[in-house]
Amino acid sequence: MASNKVLSGHNIYRDDRNRYVLYDTFSKAGYVVNQSHVNQVKLYSNRYLVAILIAVLIVLFDVNYLICIGVGVVVAAVLEFKYRQFLNSLAKLPDFKKPDQSKSLANADMENKDKGKCLLLFGLYLLFAILLVYNGYISHHPTYLLVLEVIVSVVSLVFAIRNLLAFLKK
């Protein structure tokens, strides 16, 4: 028995026929996402994060920072190109009107999590934010790398707060 995969996130909506629709802000069109495409949408929705993580992993091998940034930009460009090709393979809804933000599935994932998972994710995101900045400080990273670590920590704190709010609402 195949289970239906849940898809949620920024610019993911349900249309009047209860299908997942991915809204592309650049083309101002909606794309119908079938169950077979859910994993690809999840991967491509994190394409910039993947590029950043690859660049950070290369830094760990003591490679020049400019090379790491260059590799990150190239990976992001390749993933963006593959994402645009993937969008062309989906059924396009050119007249799709983006619904109110309140109807977005961006918060649906938070609503579907149980209290324990929300609390665990809150703690993990908070711990990651603290340890990332602390590691940069004690490792005496250059200033621009510390700034990047603080930016990533702020994003992590936003996710921690989202999970805390979801926990408190339940």
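Below, the structure is looked at part by part. (Residues numbered from 1 in each chain as written. Predicted model: local features only at pLDDT ≥ 70, side-chain atom pairs only at ≥ 80, totals over all residues. Heavy atoms only, no water.)

Another aspect to go through is the side chain of His37. Positionally, His37 belongs in the loop between β3 (29–33) and α1 (38–45). In this view, His37 contacts Phe86 and Leu90; residues no more than four positions away in its chain are not counted. (Helix = DSSP H or I, 4+ residues; strand = E, 2+ residues; numbered from the N terminus. Contact = heavy atoms within 4.5 Å.)

Here we come to the sheet that holds β3. Within the open sheet, the four strands sit side by side as β1-β2-β3-β4. Their pairing is antiparallel. At either margin of the open sheet sits one strand with a lone partner, and together these are β1 (12–14) and β4 (91–93). Adjacent strand axes in the sheet meet at a mean angle of 40°, parallel and antiparallel pairs treated alike. Across three bridges, β3 lies against β4 in antiparallel orientation. (Pairing = 2+ DSSP bridges. Axes fitted to C-alpha atoms, helices over the stretch in contact; angles between N-to-C directions.)

Time to look at helix α5 (residues 115–138). With 24 residues, α5 ought to run about 34 Å at 1.5 Å a step, and its terminal C-alpha atoms sit 34 Å apart, in line with that. Within the span of α5, buried status applies to Cys118, Leu121, Ala129, Leu132 and Gly136. (Expected span 1.5 Å × (residues − 1). Buried < 20%, exposed > 50% of the residue type's maximum accessible area, 1.4 Å probe, protein only.)

Turning our eyes to something else, we now look at the packing of α5 against helix α6 (residues 143–169). Packing of α5 against α6 leaves a shortest axis separation of 8 Å and a crossing angle of 165°. The orientation of α5 with respect to α6, classified from their angle, is roughly antiparallel. When the axes of α5 and α6 are compared, the crossing they make is left-handed. A breakdown of the residues in the contact of α5 with α6 according to their chemical character gives 20 nonpolar, four polar and two charged. (Parallel < 35°, antiparallel > 145°, perpendicular 65-115°, else oblique. Left-handed = near helix turned anticlockwise from the far one by under 90°. Nonpolar A, V, L, I, M, F, W, Y, C, P; charged D, E, K, R; others polar.)

To continue, consider the environment of Leu165. Summarising the element assignment, Leu165 is placed in helix α6. Sequence separation between Leu165 and Arg47 is 118 residues, and the spatial gap between their C-alpha atoms is 27 Å.

On to the nonpolar core, then. Leu7, Ile12, Leu22, Val33, Val41, Leu87 and Leu90 are the most contacted members of the largest nonpolar core, which totals 14 residues. Looking at this core, the elements with two or more residues in it are β2 (20–24), β3, α1 and α3 (65–89). Ranked by size, the runner-up nonpolar core spans six residues in total, among them Tyr13, Val21, Tyr23 and Phe96. (Core = buried A, V, L, I, M, F, W, Y, C linked by side-chain atoms within 4.5 Å.)

Another aspect to go through is the pattern of salt bridges. Enumeration according to the criterion identifies four salt bridges in this entry. For the salt bridge of Asp15 with Arg19, the shortest nitrogen-to-oxygen distance reads 2.6 Å. Between Asp24 and Arg84 there is a salt bridge, with its nearest N and O atoms 2.7 Å apart. Pair noted here: Asp24 is in strand β2 and Arg84 is in helix α3, with a separation of 60 residues, a long-range link. What you see here is one network of salt bridges that share partners, running through Asp24, Arg47, Glu80 and Arg84. (Salt bridge = Lys/Arg side-chain N within 4 Å of Asp/Glu carboxyl O.)

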